[in-house]
Amino acid sequence: MIIIRSKKTLQKYTNKYKKQSLSVGFVPTMGALHNGHLSLISTSQQQNNITVCSIFVNPTQFNNKKDFEKYPTTIDTDIEKLEKTGTDILFLPSVVELYPNGVTNLEYYELGYLETILEGKYRPGHFQGVCQVMYRLLNMVQPHNLYMGQKDYQQCMVVKKLLEIMQSNIQLHPCPTLRENDGLAMSSRNMRLNVNERKLATAISTSLNNIKNNIKKESLQNLIENETAILQQQGFMVDYVALANANDLKIIDDWDGELKLVALIAAYLNEVRLIDNMLVN
Ligand code: AMP
């Protein structure tokens, strides 16, 4: 695996791949890699000649300073894991490399409705930061295919919108969420949970499964209220339990029994904010 830190060196390689007509798959991450990340790498490897992974903890997408400061970094084991998978290139830029003019007064993306709900509502500015970093990374890596996790369902939609804004031909491939044996969605933030919190954390996927199993039996309102209460009783501070149209994330209160729905939850266990979602029908 080649480790590249500068835009200039990266472009030397991407230009070479272009000349050779090699397809490039890209997996952007913030590191602290787990099997969920590695599953994206594996999918990219199956579908492309070259796979590029980036590790960059993007300061502009953290609306909470503490969350940024405490974001786990495990770069040595990340490199080992990527070497083992046979990743071709690890792009490891610095903040200055990606944001040579600093991280304030950056460009604004018109994301419309998507930025007003769920993660957009509870993490103001987060998706602007996601777009700011993705725009830069995509221009540097110039991939044909982009692999992102459905674990971050709304993020996939935001990046789809960004690609439209950029009038880009890059194909976005949303990939399934990998879970621990007890159902907890794999996440770098899980490392920050203590033993007790780690046990409690499974309640989020349990709630999503409850919604899935009872979606035809109860009103959406009841389901949401019950699962919110159950999470709160277990010590979670719930940002939202929501049901939305799986295609456009419009929040659904009144369901016709047919429309494809996604259930989404965001909740804090003490300082750690966890998110998860599930297609329910
Ligand atoms: P992150 O490092 O958290 O920014 O995640 C990098 C990419 O991995 C994003 O596209 C995530 O959606 C994806 N990802 C995170 N957790 C999982 C998971 N449990 N299963 C599959 N993909 C994931």
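These figures come from a predicted structure and were not determined experimentally.

## What to know about the site of the ligand
Part 1: The environment of the ligand is made up of 16 residues, and the closest members are M30, G149, D152, L178 and M186.
Part 2: Between H37 and the ligand, the recorded distance is 2.9 Å, taken from a side-chain N or O atom to an oxygen atom.
Part 3: Here L178 contributes a backbone N or O atom positioned 2.9 Å from a nitrogen atom of the ligand.
Part 4: Protein burial of the ligand: of its 490 Å² of free accessible surface, 93% is covered by the chains.
Part 5: Contributing elements (two or more residues each) for the shell around the ligand: strand 2 (24–29), helix 2 (35–47) and strand 5 (145–149).
Part 6: The dominant element in the shell around the ligand, judged by the number of residues it contributes, is helix 2, at three residues.
Part 7: Among the residues forming the shell around the ligand, the class breakdown is eight nonpolar, six polar and two charged.

## A short note on the pattern of salt bridges
Part 1: Counted under the stated rule, the structure contains 12 salt bridges.
Part 2: Ionic pairing is found between R136 and E107, a salt bridge with its closest N-O pair at 2.6 Å. One end of the pair, R136, is in helix 7 (residues 126–141); the other, E107, is in the loop between helix 5 (95–98) and helix 6 (118–122), with 29 residues separating them in the sequence.
Part 3: Here R136 falls in the buried class, since its relative accessible area comes to 15%.

## Side note on the pairing of strand 9 (residues 272–279)
Part 1: Burial within strand 9 is extensive, with seven of its eight residues counted as buried.
Part 2: Both strand 8 (residues 261–269) and strand 9 contribute to a ladder of eight bridges, which runs antiparallel. Looking at strand 9, one finds that L264 is bridged to N277.
Part 3: Connecting strand 8 to the next strand, strand 9, in antiparallel fashion are two residues, including N270 with a positive phi near 55°.

## Let's talk about the nonpolar core
Part 1: Ranked by size, the top nonpolar core spans 46 residues in total, and within it V52, M134, L146, V159, L249 and L264 carry the most contacts.
Part 2: Sequence-distant contacts of L146, defined by excluding residues within four places in its chain, comprise F26, P28, M134, L138, V159, I170, Q171, L172 and H173.
Part 3: The next biggest cluster of nonpolar side chains, apart from the first, holds 26 residues, and it includes L184, I265, A267 and V280.

## Quick look at the confidence of the model for the chain
Part 1: On average, residues of the chain score 97 in pLDDT, and 100% of them reach the 70 mark or higher.
Part 2: Per-element mean pLDDT across the chain ranges from 93 in helix 3 (residues 65–69) up to 99 in strand 5.

Calculation criteria
- Residues numbered from 1 in each chain as written.
- Predicted model: local features only at pLDDT ≥ 70, side-chain atom pairs only at ≥ 80, totals over all residues.
- Heavy atoms only, no water.
- Near = heavy atom within 4 Å.
- Polar contact = N/O pair within 3.5 Å; in protein donor to acceptor, adjacent residues only side chain to side chain.
- Areas by Shrake-Rupley, 256 points an atom, 1.4 Å probe, with all protein chains shown as cover.
- Helix = DSSP H or I, 4+ residues; strand = E, 2+ residues; numbered from the N terminus.
- Nonpolar A, V, L, I, M, F, W, Y, C, P; charged D, E, K, R; others polar.
- Salt bridge = Lys/Arg side-chain N within 4 Å of Asp/Glu carboxyl O.
- Buried < 20%, exposed > 50% of the residue type's maximum accessible area, 1.4 Å probe, protein only.
- Pairing = 2+ DSSP bridges.
- Core = buried A, V, L, I, M, F, W, Y, C linked by side-chain atoms within 4.5 Å.
- Contact = heavy atoms within 4.5 Å.
- pLDDT = per-residue confidence, 0-100.

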